[in-house]
Each structure stands twice: as structure tokens, then as C-alpha cells.
Amino acid sequence: MPQDLPAFLDWLARDAAQAEAGWDGALILPSATQDARLMVIVEMPARDAADAASLLEAGQRRFIEAMLASMGLAPGDAPLVSVATRRPPGGVLDEATLTALTGRMTHYLGLARPRAAIILGDRTSRALLGTQWNPRAPGLPQLNHRAGTMPAVALAGVDLLMSRPMAKAKSWQALRLLHGAINA
């Protein structure tokens, strides 16, 4: 994989050997932003996503923007990226593909160097954080990438957070820890 962000994004856009190359839908590359205060990571684009602005459904995006606002962040302060650059057929990533794509994502994170991350979804959290991920553990787990580590918060998927007040309340505790980490 290329060792600088512009070359990596170009490689990702042009390489026919990428897992998503044969999938339908728009190619949605991760953000070219470097050194962001925070990055929000989801597993895959929403159905019918056409660009980074539509990576999530409209209601989900408003929810994430409100969550960021509660931390004093504007959407531009926290790029939203997806592990998969296209939505897979049937909307499900098999384990082998998810593992390969998360390896690529950790390489990308090392190039983009955000200060911290919010990881949305159980599968995505497990894939990116590995065996250290424990939803009941105190403190913030560290996400390992090619340039080191960064604090991360692993939250439930957006739909679950939106529909279950208890999940939302528990997430707020983790977000408060993360807020402290990115403002230190």
C-alpha cells in the first residue's frame, strides 16, 4: 500500500484488485483530511450512497452531527469514513473481506493521523480494535495503526443508538471520556 495519503487515495480509486472493485454503487473514498481532531468510522456506505455527504442516511447523519455538536465539534472537524468504499451485495461483509478491509483502514488511519476515532457498530469495533475491545471495560481502548495508536470509542450502530435511550445514555459516558482526550 502507498505510504502517503494522496497516493493511497489514488491507489484506492484505481486499483482493480480492491475487494469492492466489482460491487455496484458509487466509490466513496475516505477523507483526504490529515490530522483531524476526530474521525467517525462506519462499516459501509448507506444504501444508495453517492458521495461522502450521503455515507449515512439523512436521519443517521443528523444524529451523528448532533452527537458531534454535543462535544463542541462541527461535522467538518470529524470526517466520516467507511471501512468499505462501496456497499457490498446484500449489505453484508463476510468476515474475510471485513478483515482485509480493516487492515486497509488501519493503514489509512496511520496516513490520515486523526487524534481520535468514534467507531460505529459492533462488527466494525471488533474488527478495528481486535481482542482488546470490551464494551464493559473502563477507559478508552487504543486503536492501533501504522503510525502508532489513538484513543477510540466503540459505539453501537447508529440505528440502535437512535432507537434505544439506554444505549444512547451509555454512549454519552464514553463520548465524555473521548471529549477529554481530544481536548487535552
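Above this note sits the structure.
Residues numbered from 1 in each chain as written. Predicted model: local features only at pLDDT ≥ 70, side-chain atom pairs only at ≥ 80, totals over all residues. Heavy atoms only, no water.

Chemist: Would you explain the packing of aromatic side chains in this entry?
Modeler: This model, assessed by the stated rule, comprises 2 aromatic pairs. Three or more aromatic residues joined by ring pairs make a cluster, and in this case those are Phe-8, Trp-11 and Tyr-108. (Phe/Tyr/Trp six-rings, centres within 6.5 Å; stacked < 30°, edge-to-face > 60°.)

Chemist: Help me out: how do you make sense of the sheet that holds strand 2 (residues 80-82) in this one?
Modeler: In any sheet, the strands associate via hydrogen bonds between backbone groups, in a parallel or an antiparallel arrangement. The strand order across the open sheet formed by 5 strands is 2-1-3-5-4, and the pairing between neighbours is mixed. The outermost strands of the open sheet, each flanked by one partner alone, are strand 2 and strand 4 (142-145). Geometrically, the sheet is characterised by an average inter-axis angle of 35° between neighbouring strands, direction not taken into account. Of the strands in this sheet, strand 1 (39-42), strand 2, strand 3 (117-120) and strand 5 (148-155) touch helix 2 (residues 58-70), which is tilted by about 150° from strand 3. This element, helix 3 (residues 95-112), spans strand 1, strand 2, strand 4 and strand 5 of the sheet and lies at about 90° to strand 4. (Pairing = 2+ DSSP bridges. Helix = DSSP H or I, 4+ residues; strand = E, 2+ residues; numbered from the N terminus. Axes fitted to C-alpha atoms, helices over the stretch in contact; angles between N-to-C directions. Contact = heavy atoms within 4.5 Å.)

Chemist: Is there a simple way to think about empty space enclosed by the protein in this case?
Modeler: Scanning the model with the defined rule gives 2 cavities of 30 Å³ or more in all. Each pocket or cavity is described by its volume, and for the largest cavity that value is around 40 Å³. Elements supplying a minimum of two residues to the lining of the largest cavity: helix 1 (5-14) and helix 3. Top contributing element to the lining of the largest cavity by residue count: helix 3, with 3 residues. Residues that form the lining of the largest cavity fall into these classes: 6 nonpolar, 1 polar and 1 charged. Roughly 30 Å³ of volume is contained in the second largest cavity. As for the second largest cavity, its lining consists of Ile-28, Leu-29, Pro-30, Ala-52, Leu-55, Leu-80, Val-81 and Ser-82. For the lining of the second largest cavity, a count of residues per class yields 7 nonpolar, 1 polar and no charged. (1 Å grid on protein atoms, 1.4 Å probe; cavity = no way out; pocket = protein on both sides within 12 Å on 5 of 7 lines; lining within 4 Å. Points joined across faces, edges and corners; volume = space filled by probe spheres on them. Nonpolar A, V, L, I, M, F, W, Y, C, P; charged D, E, K, R; others polar.)

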